[in-house]
Structures are given as structure tokens and as C-alpha cells.
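Secondary and tertiary structure notes
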Amino acid sequence: MNGRLQIDSGKYKGAAVRDFLLELTMLDGRLLIKTLRGQALGGNVSATGSTIDFGPSRPKFNLRAKLDRIELSDVLSLRGGEVGKKISGRGSMDLSADG
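Here the structure is a predicted model, which means the values were calculated and not measured. (Residues numbered from 1 in each chain as written. Predicted model: local features only at pLDDT ≥ 70, side-chain atom pairs only at ≥ 80, totals over all residues. Heavy atoms only, no water.)

1. Observations regarding the layout of surface pockets
Heads up, the rule is: Here a cavity denotes grid points, spaced 1 Å and computed from the protein atoms alone, that fit a 1.4 Å probe unable to get out, and a pocket denotes an open set having protein on both sides within 12 Å along at least 5 of 7 lines; residues with an atom within 4 Å of a point are the lining. Grid points are joined across faces, edges and corners, and a volume is the space filled by probe spheres set on the points. The secondary structure listing takes helices from DSSP runs of H or I that are at least 4 residues long and strands from runs of E that are at least 2 residues long, numbered from the N terminus. Lys, Arg, Asp and Glu make up the charged group, whereas Ala, Val, Leu, Ile, Met, Phe, Trp, Tyr, Cys and Pro make up the nonpolar group; the residues left over, Gly among them, are polar.
One number sums up the size of the largest pocket: a volume of about 330 Å³. Of all the secondary-structure elements, those providing two or more residues to the lining of the largest pocket are β2 (15–27), β3 (30–40), β4 (43–46), β6 (60–71) and β7 (90–98). The element contributing the most residues to the lining of the largest pocket is β3, with four residues. Residue composition of the lining of the largest pocket, grouped by class: 14 nonpolar, two polar and two charged.

Encoded structure:
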């Protein structure tokens, strides 16, 4: 199975998302996120190369994500409440998680 989703612009929980692209492949119970990228939260977000293995035992995942120059108040506003209004600034993060 192969899939592709492209969105020029939209919103998620009130946050603007532009140039979103998701390309994935599923083969033998293993999901590969070939491309996941977009402009969101005032910066760039990507998780290209992440995998989820739905094999015979418990699912295993390998997440690789990068947040580049995102607006911290936009991230905190996704959770609701007033915290997002009290913090300002930009940040970047490389995330790797296996499980």
C-alpha cells in the first residue's frame, strides 16, 4: 500500500498549516513515513523516515521529528488555556524516539 496526502493550506485546532505533505508506504506490516512535512506553528515541522512495525509481536516504532523555529506560544495554545498567551519566542528541536 502506498499513500499520499497533500494540503496547500488548512487549520488544526486553530493553528494554520501550509504546504503539508504526507507520503507513506505499508509493506509486510511495516509503515514507513517516507515524507511528512509542513509549515506550522510559525516554523517548519517534519517527521520523514519514521516507522511503525505492526509485526507479530507488540508494535514497535522509530520516530524521527524535527521542529524548526516554531513559535512556542502556538505550540502551547494547542493544549488550550491561557499558557500560550504568557510565553513568547521561537525554538527548534530534533526528536528521536524508539519503542
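Text resumes after the structure shown.
2. Observations concerning the confidence of the model for the protein chain
Test applied: Per-residue confidence from the predictor is given as pLDDT, running between 0 and 100.
Scored by pLDDT, the protein chain comes out at a mean of 89, with 97% of its residues at no less than 70. When the elements of the protein chain are averaged for pLDDT, helix α2 (residues 83–86) gives the smallest value, 72, and β3 the largest, 95.

3. What to know about the nonpolar core
Filter applied, for reference: Side-chain atoms within 4.5 Å link the members of a nonpolar core, which is a set of buried Ala, Val, Leu, Ile, Met, Phe, Trp, Tyr and Cys residues. Summary of the burial criterion: residues with accessible area below 20% of their type's maximum are buried, those above 50% are exposed, and those between are partly exposed, where the area comes from a 1.4 Å probe applied to protein chains only. Contacts: residue pairs with any heavy atoms within 4.5 Å of one another.
Ala15, Val17, Phe20, Leu22, Leu24, Leu31, Ile33, Ala40, Leu41, Leu67 and Ile70 form the largest nonpolar core, which has eleven residues in total. Elements supplying a minimum of two residues to this core: β2, β3 and β6. In terms of residue count, β2 provides more of this core than any other element does, five residues in total. Sequence-distant contacts of isoleucine 33, defined by excluding residues within four places in its chain, comprise Leu22, Glu23, Leu24, Ala47, Thr48, Gly49 and Ser50.

4. Notes on the pairing of strand β1 (residues 2–12)
To keep it simple, the criterion reads: What makes two strands pair is DSSP finding at least two bridges between them.
Taken across its eleven residues, β1 has zero buried, putting it largely on the surface. Between the antiparallel neighbours β1 and β2 lie two residues, among them lysine 13 with a positive phi of about 50°.

5. Here's the deal with the pattern of salt bridges
Rules: By definition, a salt bridge exists where a carboxyl oxygen of Asp or Glu is found within 4 Å of a side-chain nitrogen of Lys or Arg.
Under the defined criterion, the tally for this structure stands at three salt bridges. Notably, a salt bridge pairs aspartate 98 with arginine 64, separated by 3.3 Å at the nearest N-O pair. Note that aspartate 98 is positioned in strand β7 and arginine 64 in strand β6, a separation of 34 residues in sequence. For arginine 64, a relative accessible area of 28% puts it in the partly exposed group.

6. Topic: unusual backbone geometry
We note that leucine 41 has phi near 60°; this positive angle belongs to a residue other than glycine. By the secondary structure assignment, leucine 41 is in the loop between β3 and β4. In this structure, arginine 69 takes a positive phi of about 55° despite not being glycine. Locating arginine 69 in the fold gives a position in strand β6.

7. Structural notes on the environment of isoleucine 87
Within the secondary structure layout, isoleucine 87 lies in the loop between α2 and β7. Taking C-alpha positions, isoleucine 87 is 5.5 Å from serine 73, a pair spaced 14 residues apart along the chain. Leaving out residues up to four positions away in the same chain, isoleucine 87 has contacts with Leu72, Ser73 and Leu76.

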